[in-house]
Amino acid sequence: MRRAFTIVELLIVVGIVGLLAALLIPVFGTWRERSVVRSAARDIESILKLARSKSLASEGGAKYGVLFYDGAANFSLCKNPAYIPDPVVPSSYNVYSCGTLINSHTLGSSLSFCAPYTSSTELKSLAPGWAVVPGVFFSKLTGEYENIDPASTEGVIYFYNKNKIASPCGDQPALDACLAAKTCGGVVITKSGVIYEK
């Protein structure tokens, strides 16, 4: 004769399953958030390396670079990028021009780049104007970070999970803490053109 499960046995099994779910759901959420940051860092690193390799090959006789936009969290691969006077106020402001847009990418909806003026400071790109979209240009044939501040050896483009933390941009201890917690990410570009995830 086959015996059925009792109500008590079923409640114990349901309780154990519920307890396991309660323990694992927060862990999965944290893992998912960290993987979004890690994936974005890899995407940024990949597009920077592509720009550098195209510049090293002097593909089409051009140099290549990547521009980073704060508002929509976009970054774009550009052919023949340049730093030009702003057509509206040429004497006061300057902007990076993409030249020819090769392709554009967007960070995940929960991520944002640091504000452009802060990123220019952290990225160490030369920026005579104050409201400048930061960019990284690579020299033809050498692949060096062409528009880096001469006093700097490397620059970093930072981004953060805007749904989890307030902007840590411009505050190095806050950036270090969020990098450790994986709620923000960074990609380093050295003067010689070496690119790696921070």
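This text follows the structure it describes.
Remember, predicted model here, so these are calculated numbers, not experimental data.

**Student:** Report on the layout of surface pockets, specifying residues and quantitative values.
**Tutor:** Counted as a void, the largest pocket has a volume near 160 Å³. If you trace the largest pocket, you find it lined by Trp-31, Arg-34, Ser-35, Val-37, Arg-38, Ala-41, Leu-179, Lys-182, Cys-184, Gly-185, Glu-197 and Lys-198. Elements with a minimum of two residues in the lining of the largest pocket: α1 (7–56) and β9 (184–190). For the lining of the largest pocket, the leading source of residues is α1, giving six residues. Of the residues belonging to the lining of the largest pocket, the class tally is five nonpolar, two polar and five charged.

**Student:** Give a description of the state of the cysteines that names residues and reports values.
**Tutor:** Enumeration over the complete set of coordinates arrives at two disulfides. The disulfide bridge from Cys-78 ends at Cys-98, spanning 1.9 Å between sulfur atoms. The sign of the S-S torsion, about -100 degrees, decides the handedness of the disulfide formed by Cys-78 and Cys-98: left-handed. Note that Cys-78 is positioned in strand β2 (residues 74–79) and Cys-98 in the loop between β4 (94–97) and β5 (100–106), a separation of 20 residues in sequence. Taken as a pair, Cys-78 and Cys-98 share a single burial class, namely buried. Note that Cys-178 is cross-linked by a disulfide to Cys-184, the S-S spacing being 1.8 Å. On the sign convention where negative is left-handed, the bridge of Cys-178 and Cys-184, at about 85 degrees about the S-S bond, is right-handed. In this pair, the class of Cys-178 matches that of Cys-184, namely buried.

**Student:** Outline a nonpolar patch on the surface, listing residues and values.
**Tutor:** Taken together, Val-8, Ile-12, Ile-16, Leu-19, Leu-20, Leu-23 and Leu-24 make up a surface patch of nonpolar side chains, about 700 Å² in accessible area. Mapping Leu-20 onto the fold places it in helix α1. Note on Leu-20: relative accessible area 47%, which makes it partly exposed.

**Student:** Quick one: what's the story with the sheet that holds strand β10 (residues 195–197), residue by residue and with numbers?
**Tutor:** Read across the open sheet, the four strands follow the order β6-β8-β9-β10; overall the sheet is antiparallel. Each edge of the open sheet carries a strand with a single partner, namely β6 (111–113) and β10. Each neighbouring strand pair of the sheet contributes to a mean axis angle of 20 degrees, computed without reference to strand direction. Here seven bridges tie strand β8 (residues 154–161) to β9, and the two strands are oriented antiparallel to one another. The partner of Val-156 across the bridge, within β9, is Val-188. Packed on one face of the sheet, α1 meets β6, β8, β9 and β10 and runs near 180 degrees to β10. Across the sheet, helix α3 (residues 172–181) lies against β8 and β9, angled at about 110 degrees from β9, the strand it touches most.

**Student:** Which residues make up the pairing of strand β1 (residues 64–69), and what values go with them?
**Tutor:** Each regular strand shows side chains that alternate between the opposite faces of the sheet. Most of β1 sits out of view: five of its six residues are buried. Here six bridges tie β1 to β2, and the two strands are oriented antiparallel to one another. Counted as the bridge partner of Leu-67 is Ser-76 from β2. Relative to strand β7 (residues 135–138), β1 runs antiparallel, the two sharing four bridges.

Thresholds applied
Residues numbered from 1 in each chain as written. Predicted model: local features only at pLDDT ≥ 70, side-chain atom pairs only at ≥ 80, totals over all residues. Heavy atoms only, no water. 1 Å grid on protein atoms, 1.4 Å probe; cavity = no way out; pocket = protein on both sides within 12 Å on 5 of 7 lines; lining within 4 Å. Points joined across faces, edges and corners; volume = space filled by probe spheres on them. Helix = DSSP H or I, 4+ residues; strand = E, 2+ residues; numbered from the N terminus. Nonpolar A, V, L, I, M, F, W, Y, C, P; charged D, E, K, R; others polar. Disulfide = S-S within 2.5 Å. Buried < 20%, exposed > 50% of the residue type's maximum accessible area, 1.4 Å probe, protein only. Patch = residues over 30% accessible without salt bridge, like charges linked within 9 Å, V, L, I, M, F, W, Y side chains within 5 Å. Areas by Shrake-Rupley, 256 points an atom, 1.4 Å probe, with all protein chains shown as cover. Salt bridge = Lys/Arg side-chain N within 4 Å of Asp/Glu carboxyl O. Pairing = 2+ DSSP bridges. Axes fitted to C-alpha atoms, helices over the stretch in contact; angles between N-to-C directions. Contact = heavy atoms within 4.5 Å.

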